[in-house]
Amino acid sequence: MVEEIITHSAEETIQWGKEFAKHLKSPLLVLLTGDLGTGKTTLTKGLVSGLGAANEDDVTSPTFTLVHVYGKKAKVYHADLYRIESFHDFETLGLEDIFAAPAVAILEWSEKFPLQSPWPLTRVRLEHLGGDSRRITVLDPA
Ligand SMILES: Nc1ncnc2c1ncn2[C@@H]1O[C@H](COP(=O)(O)OP(=O)(O)OP(=O)(O)O)[C@@H](O)[C@H]1O
Ligand SMILES: [Mg+2]
């Protein structure tokens, strides 16, 4: 399944994320790809909110903290590997620990490092189309 939409504001991207989240089932790895500022964190606000784990306004970029966790019983992890510079640092992060219990894990810049995950995954690609327009493409596993 390939789904493709174009949004014209951050709010529209958040709204689409909320809708998209309704179709997601834990455990799941969500890989967000796209250049700086395409809206990966913005989309995550919608996803986390749509999954019922937190209010969209409470979702902030984990660029420096690397991993955020939302929700109580049904947890949603949000990680950003952008600032991780070496494979050693990546390993130190212990991201595999997340897989101990079913959850939804949303990753930005995951393409930087190979991650062994036992969970199904979906990839969502975001692209700049000029101004506030973004193309969002859902690439599901084969
Ligand atoms: N259609 C849109 N969808 C998403 N964000 C948009 C859109 N139009 C404008 N924006 C703005 O673009 C910026 C996207 O920033 P965001 O932090 O979500 O990107 P990111 O992909 O996570 O970047 P980074 O790689 O630095 O983590 C925000 O300032 C947001 O308001
Ligand atoms: Mg981000």
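The present account deals with the structure reproduced in this document. Quantities reported herein were computed from a predicted structural model and do not represent experimental measurements.

Looking at the overall build of the chain
Inference 1: Each helix and strand in the chain was counted, giving three helices and seven strands.
Inference 2: The globule rule puts the C-alpha radius of gyration for 142 residues at 14 Å, and the 14 Å found for the chain is close to it.
Inference 3: In the chain, which comprises 142 residues, the proportion classed as buried is 34%.
Inference 4: Considering only contacts within the chain whose residues lie at least 6 apart along the sequence, 64% involve residues at least 24 apart.

A few points about the environment of S117
Inference 1: Following the sequence through the fold, S117 ends up in the loop between β5 (104-108) and β6 (121-128).
Inference 2: Beyond its immediate sequence surroundings of up to four residues, S117 is in contact with L29 and F99.

Topic: the pairing of strand β7 (residues 134-139)
Inference 1: Both strand β1 (residues 2-7) and β7 contribute to a ladder of six bridges, which runs antiparallel. Its bridge partner lying in β7, E4 is registered against T137.
Inference 2: With six bridges connecting them, β6 and β7 associate as antiparallel partners. Counterpart to V124 in the pairing with β7 is V138.
Inference 3: Linking β6 back to β7 in an antiparallel pair, the connection comprises five residues, with G130 at a positive phi of about 95°.

Here we look at the packing of helix α1 (residues 10-21) against helix α2 (residues 40-50)
Inference 1: The interhelical angle for the contact between α1 and α2, taken along N-to-C directions, is 35°, at an axis separation of 7 Å. For the pair α1 and α2, the crossing hand works out as right-handed. Here α1 contributes A10, T13, I14, Q15, W16, G17, K18, E19, F20 and A21 to the contact with α2, which in turn contributes T42, L43, K45, G46, L47, S49 and G50.
Inference 2: Per-class residue counts for the contact of α1 with α2 are seven nonpolar, seven polar and three charged.

Focus on the site of ligand 1
Inference 1: In the region of ligand 1, 21 residues are neighbours, and A10, T13, G39, T41 and T42 sit closest.
Inference 2: Of all elements in the fold, only α1 and α2 reach the threshold of two or more residues within the shell around ligand 1.
Inference 3: Residues that form the shell around ligand 1 fall into these classes: three nonpolar, 12 polar and six charged.

Thresholds applied
- Residues numbered from 1 in each chain as written.
- Chains lettered and ligands numbered in written order.
- Predicted model: local features only at pLDDT ≥ 70, side-chain atom pairs only at ≥ 80, totals over all residues.
- Helix = DSSP H or I, 4+ residues; strand = E, 2+ residues; numbered from the N terminus.
- Rg over C-alpha atoms; globule rule 2.2 N^0.38 Å.
- Buried ≥ 20, exposed ≤ 12 C-beta atoms within 10 Å, placed from the backbone.
- Contact = placed C-beta atoms within 7 Å.
- Pairing = 2+ DSSP bridges.
- Axes fitted to C-alpha atoms, helices over the stretch in contact; angles between N-to-C directions.
- Left-handed = near helix turned anticlockwise from the far one by under 90°.
- Nonpolar A, V, L, I, M, F, W, Y, C, P; charged D, E, K, R; others polar.
- Near = placed C-beta within 6 Å.

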